[in-house]
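Residue-level listing of the chains:
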Amino acid sequence: MLNTTTRYALSKFHFSSRLYSHSPTCGFRNIDDAVSSFVTTLAKCHPPSVIEFNKILGSIVKMKEYRTAISLFALMESRGLTPDVNSYNIMINGYCKNKKVDEALTLFKEMCRTNLVPDTITYNSLIYGLCKSGRITCVQDIVNEMHGNGQALNLITYSMLLDALCKAQHLDEVIALFQKIFNKGIRPDVFAYNSLLNVSCKGGRLKTED
């Protein structure tokens, strides 16, 4: 639980979420250390840079203190510090890993409204969250938007798509996607091959010699 000094510091900024300590991450001993660093930075005469903020925010998300990260992100905006693409990426990734995909999509829309351009990291985080939640049909919309915004799918993107299609037993789509990957000159990794072998066995497409 947060120590007395940190709780007092946060209360000055109308912070009400309950926090818990975790293992050291990115130079911070625990959640108290990370939040205290944020409060100290925010209290400086000159506003902290978004880079400083992102470092702290990223550390808190890695500690899986998602509620704290959400509160700090809102506090950041209320103090006049404008989030950048990395800020949104950290939050969207945190939401998706915490199985809060709808919240991630809402933040994604907010990001776009601020005229920030999502990058491959943004889209991969959303694809990860949608795939893990079984919302395969929604993934295609994200992929189409990636193409529309000139963001190329990378091996990470394709691996997530293959895994999701394999788990949904969409073998024909898996094979078509594999072919597309090869045509683009991308070499699938072991994870992708294992997914293909697994779904091929389940679909009865894998032939063996007697």
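Residues numbered from 1 in each chain as written. Predicted model: local features only at pLDDT ≥ 70, side-chain atom pairs only at ≥ 80, totals over all residues. Heavy atoms only, no water.

Participant: Lay out helix 6 (residues 101-113) in plain terms, naming residues and giving numbers.
Facilitator: Residues three or four positions apart in an α-helix share a direction because the helix packs 3.6 residues into each turn. The end-to-end C-alpha separation of helix 6 is 18 Å, in line with the 18 Å expected for 13 residues at 1.5 Å each. Those residues of helix 6 that sit buried are V101, A104, L105, L107, F108 and M111. Down the axis, helix 6 shows its buried residues gathered within 160 degrees of arc, on one side only. Facing away from the buried side of helix 6 by over 90 degrees, the exposed positions are T106, K109 and R113. Buried residues belonging to helix 6 abut helix 4 (66-78), helix 5 (85-97), helix 7 (120-132) and helix 8 (136-148). Taken from the residues just after helix 6, N115 is the one with a positive phi, measuring 70 degrees. (Helix = DSSP H or I, 4+ residues; strand = E, 2+ residues; numbered from the N terminus. Expected span 1.5 Å × (residues − 1). Buried < 20%, exposed > 50% of the residue type's maximum accessible area, 1.4 Å probe, protein only. Arc of directions from axis to C-beta. Contact = heavy atoms within 4.5 Å.)

Participant: Would you mind going over the pattern of salt bridges in detail, with residue names and values included?
Facilitator: With the rule as written, the count across this model stands at two salt bridges. For the salt bridge of D163 with K167, the shortest nitrogen-to-oxygen distance reads 3.2 Å. Here D163 pairs with K167, and both are found in helix 9 (residues 155-167), just four residues apart, close to one helical turn. Residue D163 is classed as buried on the basis of its relative accessible area, which comes to 14%. (Salt bridge = Lys/Arg side-chain N within 4 Å of Asp/Glu carboxyl O.)

Participant: Go over the packing of aromatic side chains, please, and point to the residues and values.
Facilitator: According to the stated counting rule, one finds three aromatic pairs in the structure shown. Centre to centre, the rings of F73 and Y88 are 5.4 Å apart; their planes meet at 75 degrees, and the pair counts as edge-to-face. Of this pair, F73 sits in helix 4 while Y88 is found in helix 5, placing the two residues 15 residues apart along the sequence. For F73, a relative accessible area of 5% corresponds to the buried category. Classification of Y88 as buried rests on a relative accessible area of 1%. Both rings, one in F108 and one in Y123, keep their centres 5.8 Å apart while their planes meet at 65 degrees; by these two values the pair is edge-to-face. Linking F108 in helix 6 with Y123 in helix 7, this pair joins segments that are 15 residues apart in sequence. (Phe/Tyr/Trp six-rings, centres within 6.5 Å; stacked < 30°, edge-to-face > 60°.)

Participant: Outline the nonpolar core, supporting the account with residue identities and numerical values.
Facilitator: Ranked by internal contacts, the top residues of the largest apolar core, which has 49 residues, are I92, L126, I127 and L161. Setting aside chain neighbours within four positions, we find I92 in contact with A104, L107, F108, M111, T122, S125 and L126. (Core = buried A, V, L, I, M, F, W, Y, C linked by side-chain atoms within 4.5 Å.)

Participant: So what about the packing of helix 3 (residues 50-62) against helix 4? Which residues, and what values?
Facilitator: Geometry of a packed helix pair, given as the angle between the helix axes and the separation of the axes. Contact geometry for helix 3 and helix 4: axes closest at 8 Å, N-to-C directions at 160 degrees. As judged from the angle between their axes, helix 3 and helix 4 are roughly antiparallel. Where helix 3 crosses over helix 4, the handedness of that crossing is left-handed. Two secondary-structure elements touch here, helix 3 through V50, F53, L57, I60 and V61 and helix 4 through Y66, T68, A69, L72, F73 and M76. Of the residues belonging to the contact of helix 3 with helix 4, the class tally is ten nonpolar, one polar and no charged. (Axes fitted to C-alpha atoms, helices over the stretch in contact; angles between N-to-C directions. Parallel < 35°, antiparallel > 145°, perpendicular 65-115°, else oblique. Left-handed = near helix turned anticlockwise from the far one by under 90°. Nonpolar A, V, L, I, M, F, W, Y, C, P; charged D, E, K, R; others polar.)

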